[in-house]
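One letter stands for each residue in the lines below.
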Amino acid sequence: MKTISENACFGGTQGVYSHSSDSCACDMTFALFLPAEAKDGPVPLLWFLSGLTCTHENAMTKAGAQAWAAEQGIALVFPDTSPRGEDVANDEAYDLGQGAGFYVNATQTPWAPHFRMWDYITEELPALLDDNFALDMDRQAITGHSMGGHGALTMAMSLPERFRSVSAFAPISNPTASDWGRKQFTAYLGNDEASWAAHDATLLMQEKGFDGPILVDTGTNDQFIDLLKPEAFALAVNARRQQATLRLQPGYDHSYFFISTFMEEHVAFHADALYA
């Protein structure tokens with residue numbers, strides 16, 4: 001692992017690191033905020049999965065999360081959204097290829113050799129963090145934005161007991177029900193629609209649910225709201241009688257202005273679960 005930068009931040013340290021990834025067969029970069037309490041022992045960890053076109057840097061610099069994490073004594077990890085490099089397949093579209101990993105293990109050409117973001121986020125990066133930093137991996141929570149909200153919800157429901165809580169900002173909630181989502185899943189996972197269900201939060205809610213609290217915020221002026229399908233997820237939550245707080249925030253769009261506005265509430269929400 002290579003240290004790219006480390007800066008003092010709200011009494012703790014905001015670091016950026018890179019390493020050679022076995023899952024993605026390329027170098028990967030992630031950011032990690034450690035609060036002051038990490039100097040004295042392991043601290044809880046909150047994952048933030050970013051959305052389309054983002055890197056580790058977007059949420060690290062725009063979400064305003066470190067101040068609230070420092071207040072709660074919680075670490076934050078900001079992974080990248082996809083593999084990158086000259087040898088990594090890409091596409092001219094913003095929603096496929098580099099910057100658009102969708103947190104799946106691709107099975108199709110040309111994506112399969114590198115696009116194994118599910119394994120990277122759920123197996124490889126947690127092990128690396130556990131080995132190198134003062135983190136309490138028995139106390140984890142997860143959140144994300146848009147494509148990252150999709151990843152956060154699907155991982156929380158697919159990995160029982162891994163995360164104590166899950167939240168999302170404007171998540172892609174029902175991708176198998178839109179032509180747009182079906183395009184990405186066909187590219188990465190092929191035509192077997194049965195394999196898509198493991199990466200659709202609405203279908204997972206119908207099948208499994210989540211043994212813990214859920215918080216989801218979506219702006220009523222979100223320019224992608226028809227693709228996000230918050231109403232489908234809400235119907236699945238209601239049908240399952242799942243513990244969840246689902247909010248439509250009037251006037252907010254899909255931007256980091258929206259995320260930063262409600263970040264304090266999301267961090268506090270996770271702190272309640274992490275310190276319960």
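In case you missed it, the structure is sitting above this.
Residues numbered from 1 in each chain as written. Predicted model: local features only at pLDDT ≥ 70, side-chain atom pairs only at ≥ 80, totals over all residues. Heavy atoms only, no water.

## Describing the overall build of the protein chain
Reasoning step 1: Regarding its fold elements, the protein chain presents nine helices and nine strands.
Reasoning step 2: The C-alpha radius of gyration of the protein chain comes to 17 Å, within 12% of the 19 Å expected for a compact globule of 276 residues.
Reasoning step 3: Based on the C-alpha atoms only, the size of the protein chain along its principal axes is roughly 50 × 45 × 35 Å.
Reasoning step 4: A buried classification covers 61% of the 276 residues belonging to the protein chain.
Reasoning step 5: Across the protein chain, the fraction of contacts at a sequence separation of at least 24, relative to all contacts at a separation of at least 6, is 72%.
Reasoning step 6: Seen as two clouds, the 15 positive and the 35 negative side-chain charges of the protein chain have centres 4 Å apart. (Helix = DSSP H or I, 4+ residues; strand = E, 2+ residues; numbered from the N terminus. Rg over C-alpha atoms; globule rule 2.2 N^0.38 Å. Buried < 20%, exposed > 50% of the residue type's maximum accessible area, 1.4 Å probe, protein only. Contact = heavy atoms within 4.5 Å. Lys, Arg positive; Asp, Glu negative; His and termini not counted. Charge placed at Lys NZ, Arg CZ, Asp CG, Glu CD.)

## Side note on the side chain of Gln-140
Reasoning step 1: One can find Gln-140 in strand S6 (residues 135–144).
Reasoning step 2: Judged by relative accessible area, which is 3%, Gln-140 ranks as buried.
Reasoning step 3: Within the structure, the side chain of Gln-140 is placed 3.0 Å from the backbone oxygen of Met-137, a separation counted as a polar contact.
Reasoning step 4: Those residues in contact with Gln-140, other than ones at most four positions away along the chain, are Leu-45, Trp-47, Arg-162, Phe-163, Arg-164, Ser-165 and Leu-274. (Polar contact = N/O pair within 3.5 Å; in protein donor to acceptor, adjacent residues only side chain to side chain.)

## Observations regarding the packing of aromatic side chains
Reasoning step 1: Tallying each qualifying case throughout the model produces 14 aromatic pairs.
Reasoning step 2: Judged by centre distance (5.6 Å) and plane angle (35°), the ring pair of Tyr-17 and Phe-30 falls under tilted. One end of the pair, Tyr-17, is in strand S2 (residues 12–21); the other, Phe-30, is in strand S3 (residues 26–34), with 13 residues separating them in the sequence. Assigned by exposure class, Tyr-17 and Phe-30 land together as buried.
Reasoning step 3: Taken together, a centroid distance of 5.7 Å and an interplanar angle of 25° make the contact between Phe-115 and Tyr-188 stacked. Of this pair, Phe-115 sits in the loop between strand S5 (75–79) and helix H3 (117–132) while Tyr-188 sits in helix H5 (residues 179–189), placing them 73 residues apart in sequence.
Reasoning step 4: Given the relative accessible area of 1%, Phe-115 is considered buried.
Reasoning step 5: By relative accessible area, which is 0% here, Tyr-188 ends up buried.
Reasoning step 6: The structure contains a cluster of three or more aromatic residues connected by ring pairs, namely Phe-48, Phe-78, Phe-169, Tyr-252, Phe-258 and Phe-262. (Phe/Tyr/Trp six-rings, centres within 6.5 Å; stacked < 30°, edge-to-face > 60°.)

## Topic: the pairing of strand S4 (residues 43–49)
Reasoning step 1: Counting buried residues along S4, seven of its seven residues qualify, which places the element largely inside the surrounding structure.
Reasoning step 2: As judged from the six bridges shared by S4 and S6, these two strands associate in the parallel manner. Its bridge partner being in S6, Trp-47 is matched across the sheet by Ile-142.
Reasoning step 3: Across three bridges, the pairing between S4 and S5 is parallel. Bridge pairing links Leu-46 to Leu-76 in S5. (Pairing = 2+ DSSP bridges.)

## As for the environment of Lys-208
Reasoning step 1: Examined against the element boundaries, Lys-208 turns out to sit in the loop between helix H6 (201–207) and strand S8 (214–219).
Reasoning step 2: As for Lys-208 and Ser-158, which are separated by 50 residues in sequence, their C-alpha atoms are 7.9 Å apart.

## Examining helix H4 (residues 147–158)
Reasoning step 1: For H4, spanning 12 residues, the distance from its first C-alpha to its last is 16 Å, which sits close to the expected 16 Å at 1.5 Å a residue.
Reasoning step 2: Within H4, 12 of the 12 residues are buried, which leaves it mostly tucked inside the rest of the structure. (Expected span 1.5 Å × (residues − 1).)

## Points about the state of the cysteines
Reasoning step 1: Counted by the stated rule, this structure contains zero disulfides.
Reasoning step 2: Of all cysteine sulfurs, the one in Cys-24 lies closest to Cys-26, which takes part in no disulfide; the gap is 5.3 Å. (Disulfide = S-S within 2.5 Å.)

## Topic: the environment of Gln-223
Reasoning step 1: Of note, Gln-223 is situated in the loop between S8 and helix H7 (225–228).
Reasoning step 2: Classification of Gln-223 by relative accessible area gives exposed; the value is 53%.
Reasoning step 3: Residues Gln-223 and His-254 lie 31 residues apart in sequence; the distance between their C-alpha atoms is 6.6 Å.
Reasoning step 4: Excluding its chain neighbours within four sequence positions, the residues that come into contact with Gln-223 are Asp-253 and His-254.
Reasoning step 5: In this structure the side chain of Gln-223 is engaged in a polar contact, spanning 3.3 Å, whose partner is the backbone nitrogen of His-254.

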